[in-house]
Amino acid sequence: CINAMPGLVKLRKEHKDLEVIGWHVGKGTDKDVEGLVKAKSIPYPVVMTPGFDEVKGWGGTGIPRLAVIDKKGRVRATDQKPADGEALAERLLKE
């Protein structure tokens, strides 16, 4: 997930009409995640969940995971490779 962050930061900065939300799955406290967000200067919100049940609900089988959700709350696309997020966003913005 940390490897995907630079691409997601770039995606957020270049596409102001999109919202990027990070999703921390697993161990750690709120303070741990807040510290990571601050240390990495992550410009988007990050939510937490203790396990993978929620990830499975988004069509995920593991992490990292990228989901694109439209303004009506519909999942438009998911991908196991967040590094491809920019290409995915570009394609969806053209639709």
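Residues numbered from 1 in each chain as written. Predicted model: local features only at pLDDT ≥ 70, side-chain atom pairs only at ≥ 80, totals over all residues. Heavy atoms only, no water.

**Comments concerning the overall build of the protein**
Thinking step 1. What the protein contains, in helices and strands, is four helices and four strands.
Thinking step 2. Counting every position in the protein, which comprises 95 residues, the buried fraction comes to 28%.
Thinking step 3. When contacts within the protein are restricted to residue pairs at least 6 apart in sequence, those whose partners lie at least 24 apart make up 44%.
Thinking step 4. Accessible surface for the protein amounts to roughly 6,600 Å². Of this, 55% is attributable to carbon and sulfur atoms. (Helix = DSSP H or I, 4+ residues; strand = E, 2+ residues; numbered from the N terminus. Buried < 20%, exposed > 50% of the residue type's maximum accessible area, 1.4 Å probe, protein only. Contact = heavy atoms within 4.5 Å. Areas by Shrake-Rupley, 256 points an atom, 1.4 Å probe, with all protein chains shown as cover.)

**Thoughts on helix H1 (residues 5-14)**
Thinking step 1. What H1 keeps buried is the set Met-5, Leu-8, Val-9, Leu-11 and Arg-12. Buried positions in H1, seen along its axis, are confined to an arc of 160° and lie on one side of it. Of the residues in H1, the exposed ones pointing more than 90 degrees away from the buried face are Pro-6 and Lys-13. (Arc of directions from axis to C-beta.)

**Details of the nonpolar core**
As a rule of thumb, soluble globular proteins bury nonpolar side chains together.
Thinking step 1. Ranked by size, the top nonpolar core spans eight residues in total: Met-5, Leu-8, Val-9, Leu-11, Val-20, Ile-42, Tyr-44 and Leu-66.
Thinking step 2. With four residues, H1 is the single largest residue contributor to this core.
Thinking step 3. If sequence neighbours within four positions are ignored, Tyr-44 has contacts with Met-5, Leu-8, Val-9, Val-20, Ile-21 and Gly-22. (Core = buried A, V, L, I, M, F, W, Y, C linked by side-chain atoms within 4.5 Å.)

**What about the pairing of strand E4 (residues 75-79)?**
Thinking step 1. With four bridges connecting them, strand E3 (residues 66-69) and E4 associate as antiparallel partners. For Ala-67, the partnering residue across the bridge sits in E4 and is Thr-78.
Thinking step 2. Taken together, E3 and the strand that follows it, E4, pair antiparallel across an intervening segment of five residues, in which Gly-73 is found at a positive phi of about 85°. (Pairing = 2+ DSSP bridges.)

**Looking at a nonpolar patch on the surface**
Thinking step 1. Where nonpolar side chains cluster on the molecular surface, the patch consists of Ile-21, Trp-23 and Val-47 and spans about 270 Å² of accessible area.
Thinking step 2. Turning to its location among the elements, Val-47 is positioned in strand E2 (residues 46-49). (Patch = residues over 30% accessible without salt bridge, like charges linked within 9 Å, V, L, I, M, F, W, Y side chains within 5 Å. Salt bridge = Lys/Arg side-chain N within 4 Å of Asp/Glu carboxyl O.)

**Some words on unusual backbone geometry**
Thinking step 1. Here Ser-41, not a glycine, exhibits a phi torsion of approximately 50°, which is positive.
Thinking step 2. On the secondary structure map, Ser-41 appears in the loop between helix H2 (30-39) and E2.
Thinking step 3. Judged by relative accessible area, Ser-41 falls into the exposed class, the value being 56%.

**Here's the deal with the side chain of Thr-49**
Thinking step 1. Counting through the fold element by element, Thr-49 comes out in strand E2.
Thinking step 2. Residue Thr-49 is classed as buried on the basis of its relative accessible area of 7%.
Thinking step 3. If near-sequence neighbours (up to four positions away) are discounted, Thr-49 is found in contact with Trp-23, His-24, Val-25, Gly-26 and Glu-54.

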